[in-house]
Amino acid sequence: MTPFRLLMYLALTFTFVVAACEDSSSSSLDGEPDQGLTPPNPEEIQKIDEELALISRGIQLHKSMACVACHSLDGKKLSGGTYVNMYGTNVELEDGTIVERDEEYLRRSILLPSIDVVKGYPDAMPRYDDKLDNQDLDALIALIKSVSEVEDDAEEESTTEEEGTP
Ligand code: HEC
């Protein structure tokens, strides 16, 4: 056998072995669970589902409440700032104070924008305290978070706190 043929032969055998393995693992679906795969955690899946539903509601509100006219989701600066990295970062206000844009701040800035006016922008955003309920706010904030790179510390901690709690 020439080295080339030997290689071809090995490659073919390998393909058959892989195919055979795939067969046996797929047939194990109706028998025992496949040991190579960790079964997805239903709680995790539900959490992600809820998160996605919230964000998708946020996108709807972003359009129906006209936020889209002044705020972008892709970094573009319109008459208001972009949502990109709006959560978790610091911003300077008109009076020179620097505040961290946490959830509390975002809520206030959406409901009553005139309380903290961002430096360099006009106090031109309409107030939404009479147009949005708490769930709407959660959805819009989830949307802003989804395009911000900063990790949500509170969530991070809650997933790792098991070790620390007595
Ligand atoms: C007519 C334009 C306009 C509309 C509509 C508008 N905004 Fe604004 N928004 C602004 C401007 C201008 C600012 C900056 C001045 C200020 O802080 O009030 C701002 C500021 C903000 C801030 C604080 C930004 C920061 O960088 O700290 C948030 C959060 C925000 N808007 C969210 C929203 C959401 C959510 C909606 C829709 C429910 C919305 N805005 C609708 C113009 C608008």
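What counts and how
Residues numbered from 1 in each chain as written. Predicted model: local features only at pLDDT ≥ 70, side-chain atom pairs only at ≥ 80, totals over all residues. Helix = DSSP H or I, 4+ residues; strand = E, 2+ residues; numbered from the N terminus. Buried ≥ 20, exposed ≤ 12 C-beta atoms within 10 Å, placed from the backbone. Contact = placed C-beta atoms within 7 Å. pLDDT = per-residue confidence, 0-100. Near = placed C-beta within 6 Å. Nonpolar A, V, L, I, M, F, W, Y, C, P; charged D, E, K, R; others polar. Expected span 1.5 Å × (residues − 1). Core = buried A, V, L, I, M, F, W, Y, C linked by C-beta atoms within 7 Å.

Another aspect to go through is the overall build of the protein. Each helix and strand in the protein was counted, giving five helices and two strands. In the protein, the succession of helices and strands from N to C terminus is α-α-β-β-α-α-α. The proportion of buried residues among the 166 residues of the protein is 10%. Counted over contacts in the protein with a minimum sequence separation of 6, partners at least 24 positions apart contribute 52%.

Moving on, we get to the confidence of the model for the protein. Parts of the model with low pLDDT should not have their predicted coordinates read in detail. Within the protein, residue pLDDT values average 83, and 69% of them lie at 70 or more. Here helix H5 (residues 153–160) stands out as the element of the protein with the lowest mean pLDDT, 48, in contrast to helix H3 (residues 103–111), whose mean of 98 is the highest. Every residue in residues 24–28 scores below 50 in pLDDT, and together they form two contacts with partners more than four places removed in sequence or on other chains. Contacts from residues 155–162, a stretch scored under 50 in pLDDT, to residues over four places away or in other chains number one contact.

Here we take up the site of the ligand. Taken together, 27 residues lie around the ligand, and Cys67, Cys70, Gly80, Tyr121 and Met125 are the ones closest in. Sort the elements by how many residues they give to the shell around the ligand and H3 lands first, with three residues. Taken together, the residues that form the shell around the ligand break down as 19 nonpolar, five polar and three charged.

Here helix H2 (residues 42–64) spans 33 Å end to end across 23 residues, near enough to the 33 Å set by a 1.5 Å rise per residue. Judged by how many residues are buried, H2 sits mostly at the surface: two of 23 residues are covered. At the exit of H2 stands Ala66, carrying a positive phi of roughly 70 degrees.

Now for the nonpolar core. Counting ten residues, the largest nonpolar core consists of Leu61, Tyr83, Met86, Tyr87, Ile110, Ala139, Leu140, Ala142, Leu143 and Ile144. Ranked by residue count, the leading element in this core is helix H4 (residues 134–146), at five residues. With residues up to four places along the chain from it excluded, the contact list for Leu140 reads Gly58, Leu61, His62 and Ile110.

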